[in-house]
Amino acid sequence: MMEVRRTYKYRLYRSDKRDKHLHHQINFAGMVWNHALKLQKHYYHLTGKYIALGVLKAHIAKLRMKTVRFAFWQTLGAQAVQDVLERLDTGYQRFFKHLAKRPPKYKKVRERKSFTLKQTGWKLLDGNKIQISGRIYKFVRHRPLQGDIKTLTIKRDAVQRLWLYFSVSEQANLPKETTSSQVAGFDFGLKTFLTDHTGKPHVSGLHHRHALRRLRTLQARKDKKPHGSNNRRKAAKLISRAHIRIADQRRDAHYKLAHELCDRYDVLCFEDLNIAAMKALWGRKVSDLAFSQFLNILKYVASTRGKTVVQIGRWEPTTGKCSCCGYLQKMELRERTFHCGGCGRVLDRDHNAAMNIYDAGASAYTNREVVSRVPPKTRRLVLS
Ligand SMILES: [Zn+2]
């Protein structure tokens, strides 16, 4: 048995009468964020110091409970307020430790996406009902909710729909690692999503290319409408909806591909991703292809099926090394084919890299040099 953190996502039924209360609460969370941030900046300006989390919490609690001006913050539960302050503090701590480039920023209240409750302020009722801050809402309970619920986050998406995210801790019985070892090596690429060591391409989510064409059409339509008009707002909503659809399709495609690969292989070797470097080389498209999202889904699927994902180190040469004789040479980004200067072998660039990843991964796996089972970041894994 092993503890697994998971997030279950459910859609709330629309109710114009009640939804506004949740939207207000999300807005209030945004106001608390901006207010606390202003305090931090002001205090730093005056004293050069940072307000400790506990002090800030006590101060905001006093404003909520003792002043008329901020009494409306009581609508947002005490835990939700504390959660906002904790997130702000985390943002600052990351900045202090040089893990983030910039300190937290002011955010437009209507762009605030969520608020989070811990154990109080909500209650699951019979069937598909839930009580949040004293009001009853219905949600689409399309899959059973299991495990020990740690937090509930109420989120709104770009088209103002409301969702429940339950973060749970589950005791899962993960299967033992399979011992028969069908090993495979894979290289991520721009042209082909994945190429395996046999040279076989695996595409994922590129069917949304036509969705991208539709996005451009929608964008052009929106640009024609006058600023501030109702029609422009409607056009913007269509764009948001198209974006959500693309993201959904991509996630589905990733799950499908992950299961396909786990059907065929037991040990799956990849390069350790350096997304920042990839973006610098390839530009924005990297995030469109969402390599890290796919890897995370694959690790999850693999862990539930007893398969192993091996990630070889970043320092391992993969594109510039001949998979046949080991000769090293420089490969320009636009070179699609590897012409070996040592043995004269000619091979597709990604195929050659996948073979190198296969070799490095297989030896790391047999020598147990690398942690063979990379745990998925289940916290970020949303089951919808
Ligand atoms: Zn060679």
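What you see is a predicted model, and the numbers here were worked out from it, not measured in a lab.

1. Focus: the overall build of the protein
Logical step 1: A tally of regular secondary structure across the protein gives nine helices and 15 strands.
Logical step 2: Scored against the burial criterion, the 384 residues of the protein give a buried share of 43%.
Logical step 3: Working note: accessible area of the protein is about 21600 Å², and carbon and sulfur atoms make up 53% of it.

2. A closer look at the sheet that holds strand 12 (residues 308-312)
Logical step 1: Within the open sheet, the five strands sit side by side as 10-9-8-11-12. Their pairing is mixed. Looking along the sheet, the strands with just one partner apiece sit at the ends: strand 10 (201-202) and strand 12.

3. Some remarks on the coordination of the zinc ion
Logical step 1: At this site the zinc ion is bound by Cys-322 (SG), Cys-325 (SG), Cys-340 (SG) and Cys-343 (SG), with donor distances of 2.2 to 2.3 Å.
Logical step 2: If you look at the zinc ion, its four donor atoms make angles of 104 to 112 degrees with each other, and the shape they trace is tetrahedral.
Logical step 3: For the zinc ion, the single-chain donor residues occur in sequence as C-x2-C-x14-C-x2-C.
Logical step 4: Taking the relative accessible area as the measure of exposure, Cys-343 reaches 40% and is therefore partly exposed.

4. Let's talk about unusual backbone geometry
Logical step 1: Despite not being glycine, His-98 has its phi angle at roughly 60 degrees, a positive value.
Logical step 2: Mapping His-98 onto the fold places it in the loop between helix 3 (78-96) and strand 2 (114-117).
Logical step 3: His-98 gets classed as exposed once you look at its relative accessible area, which sits at 71%.
Logical step 4: Even without glycine at this site, Ser-133 takes up a positive phi of about 45 degrees.
Logical step 5: Turning to its location among the elements, Ser-133 is positioned in the loop between strand 4 (129-132) and strand 5 (135-138).
Logical step 6: The partly exposed category is assigned to Ser-133, whose relative accessible area is 27%.

5. Here we look at the packing of aromatic side chains
Logical step 1: Enumeration according to the criterion identifies 19 aromatic pairs in this entry.
Logical step 2: Between the aromatic rings of Phe-188 and Phe-193, the centroid separation amounts to 5.6 Å while the plane-to-plane angle is 75 degrees, which identifies the pairing as edge-to-face.
Logical step 3: Owing to a relative accessible area of 7%, Phe-188 belongs among the buried residues under this scheme.
Logical step 4: One Lys or Arg, Lys-107, reaches over the ring of Trp-33 and ends 4.1 Å from the middle of that ring.
Logical step 5: Over the ring of Tyr-165 we find Lys-155; its NZ or CZ atom is 4.3 Å from the centre of that ring.

6. Regarding the packing of helix 1 (residues 16-47) against helix 3
Logical step 1: Direction vectors running N to C along helix 1 and helix 3 enclose 45 degrees, while the axes themselves pass 9 Å from each other. With respect to helix 3, the axis of helix 1 lies oblique. Two packed elements cross with a definite hand, and for helix 1 against helix 3 that hand is right-handed. On the side of helix 1, the interface is formed by Ala-29, Val-32, Trp-33, Ala-36, Leu-37, Gln-40 and Lys-41, while helix 3 contributes Val-81, Val-84, Leu-85, Arg-87, Leu-88 and Tyr-92.
Logical step 2: Considered class by class, the residues forming the contact of helix 1 with helix 3 number ten nonpolar, one polar and two charged.

So, how was this worked out
Residues numbered from 1 in each chain as written. Predicted model: local features only at pLDDT ≥ 70, side-chain atom pairs only at ≥ 80, totals over all residues. Heavy atoms only, no water. Helix = DSSP H or I, 4+ residues; strand = E, 2+ residues; numbered from the N terminus. Buried < 20%, exposed > 50% of the residue type's maximum accessible area, 1.4 Å probe, protein only. Areas by Shrake-Rupley, 256 points an atom, 1.4 Å probe, with all protein chains shown as cover. Pairing = 2+ DSSP bridges. Donors = N, O, S within 2.8 Å, 3.2 Å for Na, K, Ca; no water. Tetrahedral: all angles 85-135°; square planar, octahedral: opposite > 155°, others 65-115°. Phe/Tyr/Trp six-rings, centres within 6.5 Å; stacked < 30°, edge-to-face > 60°. Lys NZ or Arg CZ within 6 Å of the ring centre and 35° of its normal. Axes fitted to C-alpha atoms, helices over the stretch in contact; angles between N-to-C directions. Parallel < 35°, antiparallel > 145°, perpendicular 65-115°, else oblique. Left-handed = near helix turned anticlockwise from the far one by under 90°. Contact = heavy atoms within 4.5 Å. Nonpolar A, V, L, I, M, F, W, Y, C, P; charged D, E, K, R; others polar.

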